[in-house]
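Chain and residue survey
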Amino acid sequence: MKNVGDSTDEVNLPVDVKPSKEFLESCLNKQFAITITDGRIVVGDFLCTDKQANVILGGTQEFVPGRPESESRQVGLVIVPGRHIKKILMRKH
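A brief structural summary. Predicted model, so just to flag it, every value in this text is computed and none were measured.

This part takes up the sheet that holds strand β2 (residues 41-49). Read from one edge to the other, the open sheet built from five strands follows the order β4-β3-β2-β1-β5, with strand pairing classed as antiparallel. At either margin of the open sheet sits one strand with a lone partner, and together these are β4 (73-80) and β5 (85-90). Averaged over neighbouring strand pairs, the angle between their axes works out to 30° when direction is ignored. Sheet topology places strand β3 (residues 55-63) next to β4; six bridges connect them, and they run antiparallel. Along β4, the bridge assignment pairs Q61 with Q74.

Next up, the structure:
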């Protein structure tokens, strides 16, 4: 008996990826606020993602809970590992 998630298990599901792809394309260059597992919030322009749900943001600022907003840091281009993402919000311009 195989464990669920064994690398030898393959399941081919009829998945229509077009709506998902179109949604992600519509998110490109929109400003996202991502809360990560240690409580920090990074805000930047959504540039891309991958199958592991890693997210790349550009022009990013980092906010630390409990510190004044004036103490935020400009960190530029960041990769947020998918396993550390708690919440993602798309900010309205």
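The next subject is the packing of aromatic side chains. Per the counting criterion, the structure on display carries one aromatic pair. Arranged with centres 4.9 Å apart and planes meeting at 15°, the rings of F32 and F46 form a pair that is stacked. Taken together, the residues span a long stretch of sequence, with F32 in strand β1 (residues 31-36) and F46 in strand β2 at a distance of 14 residues. F46 gets classed as buried once you look at its relative accessible area, which sits at 4%.

Before going further, it helps to spend a moment on the pairing of β3. Where β2 meets β3, seven bridges bridge the pair, whose relative direction is antiparallel. If you follow V43 over to β3, its bridge partner there is Q61. Linking two consecutive strands that pair antiparallel, namely β2 and β3, is a turn of five residues; a positive phi of about 70° is found at A53 within it.

With that settled, consider the pattern of salt bridges. Applying the stated criterion across every chain, the model contains three salt bridges. For the salt bridge of R40 with D38, the shortest nitrogen-to-oxygen distance reads 2.7 Å. In this structure, R73 and E62 form a salt bridge, with 2.6 Å as the shortest nitrogen-oxygen distance. Of this pair, R73 sits in strand β4 while E62 sits in strand β3; the two residues are 11 residues apart in sequence, bridging distant segments of the chain. Residue classification places E62 among the buried positions, given a relative accessible area of 7%. Via salt bridges that share partners, D38, R40, E62 and R73 belong to a single interconnected network.

Rules behind the numbers
Residues numbered from 1 in each chain as written. Predicted model: local features only at pLDDT ≥ 70, side-chain atom pairs only at ≥ 80, totals over all residues. Heavy atoms only, no water. Pairing = 2+ DSSP bridges. Helix = DSSP H or I, 4+ residues; strand = E, 2+ residues; numbered from the N terminus. Axes fitted to C-alpha atoms, helices over the stretch in contact; angles between N-to-C directions. Phe/Tyr/Trp six-rings, centres within 6.5 Å; stacked < 30°, edge-to-face > 60°. Buried < 20%, exposed > 50% of the residue type's maximum accessible area, 1.4 Å probe, protein only. Salt bridge = Lys/Arg side-chain N within 4 Å of Asp/Glu carboxyl O.

Distances and angles like these do not, on their own, reveal function.
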